[in-house]
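# Descriptive analysis of the structure
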Amino acid sequence: MSSATETVDRLAETAPPNGKTAVFPVDRPLATDGGRFIAPLTIAYETYGALDAARSNAILLCHALTGDQYAASTHPVTGKPGWWDALVGPGKPFDTDRYFLICSNVVGGCMGTTGPASVNPATGKPYGLDFPVVTIRDMVRAQAMLIDHLGIDSLFCVAGGSMGGMQVLQWAASYPERVFSAMPIATAAKHSAQNIAFHEVGRQAVMADPDWRAGRYLEQGVRPEKGLAVARMSAHITYLSEAALQRKFGRKLQDRSAPTFSFDADFQVENYLRHQGLAFVERFDANSYLFVTRACDYFDLAADYDGSLAGAFRGTKTRFCVVAFDSDWLYPTSDSRAIVHALNASGASVSFVEIESDKGHDAFLLHEPMFFATTRGFLRAAAQARGIGDETAEARA
Amino acid sequence: MTANGASNALRVGAERRDLAVIAGMVAPGSRVLDVGCGDGALLELLAREKRVDGRGVELSQQGVNQCVAKGLSVIQGDADADLADYPDDGFDYVILSQTLQATRRPREVMLHMLRIGRRAIVSFPNFGHWRVRAELLLLGRMPVTSNLAHRWHDTPNIHLCTIRDFVELVESIGARIERAAALDRSGAPIRVNAPWWVWNLMGEQAVFLLERSRPDRGG
């Protein structure tokens, strides 16, 4: 692991050295749901593929809680492939030969977009907890600013899983005329009590770490690594299923033939979780974790429409494909069904698929052939309806 | 979630001869909901031949996945549980092909269909067909035919009816029969002016186009 100081330096940087950024100056602030303004605002993003002449083939990919803009490119910190590398690329379901893909780091994030680790212009120090508490809608507002900046009027598709799926739903509700098709995956229209409860455990773990320093750890050259690692460990369990844990680890011991009668990581599952925690703190800012989990907790799309989720989609012309995974207990199929019911009630064009998988919530990031086939088929049909293939063919001719 | 969907009930050994007849009853360019749409064969046919704006409901994951991969708008659900979520008058036609006999409450399903759509198209295997009658009469066994390929203890077809039974149900819910067709073993329609009892005896399958009754329609 890199030294704390180096990591602090990196996290305090406002832009990744090799990425694309859009900077919105002080006179173009992001107004948050909480009544605050974020300015200047930097949005870090990546793109894949090429925008067609009609500017009609753009797809916005929305990342999950601890994801980032590196959907299909090597992560600059971990050196690992992008989180949706399996789905995004030439000939893949999100086909970069046909579509122009955009993925931006959410506001409040820590991979280049303005967040709690960014410098607060009012103080010259990192925002820390002075950063405005942002919502899913604020994240979407920031993305809309980026899409405007890129000169794109209407998105061919907005797609994402988990917290990314919440952004997809918010996009469809806030900007129906700008979203031709939408894929909310493994997500929910509101955070349940259980979801909030797990997030609170994570936040309390971070804040209980003495190195958190009331959120001012960056200035003091330390990081609440232990607390953030514990937060990640507990969250990671919710991303898996009991079946997957059992299959992968069971009660197998780690590099030993008998229990040590100590609190070492005797079990493989313990060792695995510790590794997940350690790997996470290398790439993620603890305060960002507080802010993005909070954004999810506040998400309740129906609340903005007098408690009627159908009201959020009234009159929509967007084509929806809702996807759930049957072993996902974090955002279970019933959450997706609630979305589908609301879309039906509003007369929307909606498909709904429940994919069989024992991989739990994380299935949306993994190789699931049925999910891939669904995505490919849905996008292909939507592209045909929008005439994307034709235009591409014309442009190339 | 079981892959043993209701709409697959008749797939084994039975070709879907009724699909072309159903398609013939649908006006071009209309909005159609196909309940129990299976692999989407009818929706595809309707999109291609009639340019309909089609939606589907299907119980089996396999069927839904096949549909979505074809670009059809289909949700996973079943006729008994999920039709209640659809708003009134959302569609021109609600189609239930070879699925009615597998629903728990056929009457409620029919009422929902005629609430959601102005018209409903229902196709079903006729339990009054002479082969069915003969098997019960002569062998004393529950009939197993090409159209009803399951044995009594593992069949999803829990509410079988005859053409006469169905007509009675239609009358009891106050719907109007706009068109009807009975198909013989080869899938050919039986001549239109044949009396009901001929249809009930010779028809292996029946297809009905129903319309919501109009209160203003005087005698």
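Residues numbered from 1 in each chain as written. Chains lettered and ligands numbered in written order. Predicted model: local features only at pLDDT ≥ 70, side-chain atom pairs only at ≥ 80, totals over all residues.

### A look at the overall build of chain B
Helices and strands together make up the secondary structure of chain B, namely eight helices and seven strands. The 219 residues of chain B split such that 47% are buried. (Helix = DSSP H or I, 4+ residues; strand = E, 2+ residues; numbered from the N terminus. Buried ≥ 20, exposed ≤ 12 C-beta atoms within 10 Å, placed from the backbone.)

### Section: the overall build of chain A
The secondary structure content of chain A amounts to twelve helices and 14 strands. Rg of the C-alpha trace for chain A: 21 Å, near the compact-globule value of 21 Å for 397 residues, within the 12% margin. Across its three principal axes, chain A shows a C-alpha extent of roughly 65 × 50 × 45 Å. Split into buried and exposed, the 397 residues of chain A put 52% on the buried side. For chain A, long-range pairs separated by at least 24 residues make up 72% of all intrachain contacts whose partners lie at least 6 apart in sequence. (Rg over C-alpha atoms; globule rule 2.2 N^0.38 Å. Contact = placed C-beta atoms within 7 Å.)

### Comments concerning the domain arrangement of chain A
All names here are of chain A. What the domain assignment lists for chain A is domain 1 (4–192 + 301–396) and domain 2 (196–293). For domain 1 versus domain 2, the distance between C-alpha centres works out to 26 Å. Across the contact, 34 residues belong to domain 1 and 23 residues belong to domain 2. The dominant element in the side of domain 1 that touches domain 2, judged by the number of residues it contributes, is helix α1 (residues 4–12), at six residues. Among the residues making up the side of domain 1 that touches domain 2, the classes are represented as 18 nonpolar, twelve polar and four charged. (Domains from an automatic or database assignment. Nonpolar A, V, L, I, M, F, W, Y, C, P; charged D, E, K, R; others polar.)

### Notes on the interface of chain A and chain B
With 22 residues of chain A at the contact, the number on the chain B side is 16 residues. Of all the secondary structure elements, the ones that give two or more residues to the side of chain A that touches chain B are α10 (333–345), β14 (349–355) and α11 (369–386) of chain A. Tallying contributions element by element places α11 of chain A first for the side of chain A that touches chain B, with eight residues. Grouping the amino acids of the side of chain A that touches chain B by side-chain chemistry returns ten nonpolar, eight polar and four charged.

### Quick word on the nonpolar core
All names here are of chain A. Judged by nonpolar contacts, the single largest core of 172 residues is most densely connected at Ile59 and Cys157. Built from parts of two domains, this core gets at least three residues from each of domain 1 (4–192 + 301–396) and domain 2 (196–293). Not counting residues within four places of it along the chain, the set of residues in contact with cysteine 157 comprises Ile59, Phe180, Ser181, Ala182, Met183, Leu379 and Ala382. (Core = buried A, V, L, I, M, F, W, Y, C linked by C-beta atoms within 7 Å.)

### Description of the packing of helix α4 (residues 193–208) of chain A against helix α5 (residues 225–239) of chain A
Pairs of packed helices are described in terms of their axes, by the angle between the two and the distance that separates them. All names here are of chain A. Look at α4 against α5: their axes get within 7 Å of each other, and the N-to-C directions meet at 165°. When the interaxial angle is binned, α4 and α5 end up roughly antiparallel. Seen along the crossing, α4 lies across α5 with a hand that is right-handed. Along the contact surface, α4 presents Phe198, Val201, Gly202, Ala205, Val206, Met207 and Ala208, while α5 presents Gly227, Leu228, Val230, Ala231, Ser234, Ala235 and Thr238. (Axes fitted to C-alpha atoms, helices over the stretch in contact; angles between N-to-C directions. Parallel < 35°, antiparallel > 145°, perpendicular 65-115°, else oblique. Left-handed = near helix turned anticlockwise from the far one by under 90°.)

### Notes on helix α2 (residues 41–50) of chain B
All names here are of chain B. Listed in full, the buried residues belonging to α2 are Leu42, Leu43 and Leu46. Buried residues of α2, seen end-on, are gathered within an arc of 100° and therefore sit on one face of the element. Of the surrounding elements, those touching the buried residues of α2 are α1 (18–25), β1 (31–35), β2 (53–58) and β4 (91–97). (Arc of directions from axis to C-beta.)

### Comments concerning the packing of α1 of chain B against α2 of chain B
All names here are of chain B. Two elements in contact, α1 and α2, have axes whose closest approach is 10 Å; the angle formed by their N-to-C orientations is 45°. Considered as vectors, α1 and α2 are oriented oblique to each other. The handedness of the crossing between α1 and α2 comes out as right-handed. Across the interface between the two elements, Leu19, Ile22 and Ala23 of α1 pack against Ala41, Leu42, Leu45, Leu46, Glu49 and Lys50 of α2.

### Looking at the pairing of strand β3 (residues 73–76) of chain B
The side-chain alternation of β3 of chain B yields two buried faces, one formed by Ser73 and Ile75 of chain B and the other by Val74 and Gln76 of chain B. A crossover connection joins β2 of chain B to the parallel β3 of chain B through helix α3 (residues 61–69) of chain B; in handedness this β-α-β unit is right-handed. (Right-handed = clockwise from strand over helix to strand, strands pointing away.)

### Digging into the environment of glutamine 204 of chain A
For glutamine 204 of chain A, the location among the structural elements is in helix α4. Classification of glutamine 204 of chain A as exposed rests on a count of 12 C-beta atoms within 10 Å.

### Section: the confidence of the model for chain A
All names here are of chain A. Scored by pLDDT, chain A has a mean of 93; 93% of the residues are at 70 or more. pLDDT under 50 marks residues 1–5. Its contacts with residues more than four places away, or in other chains, come to six contacts. Contacts of residues 391–397 to residues separated by more than four positions or lying in other chains number eight contacts, the stretch itself having pLDDT below 50. (pLDDT = per-residue confidence, 0-100.)

### Examining the pairing of β2 of chain B
Residue and element names in this part refer to chain B. A large share of β2 lies buried, amounting to five of its six residues. By the bridge criterion, five bridges tie β1 to β2 in an arrangement that is parallel. Residue arginine 31 lies in a different strand from β2, and its bridge partner there is aspartate 53. For the crossover from β1 across α2 to β2, the handedness is right-handed. (Pairing = 2+ DSSP bridges.)

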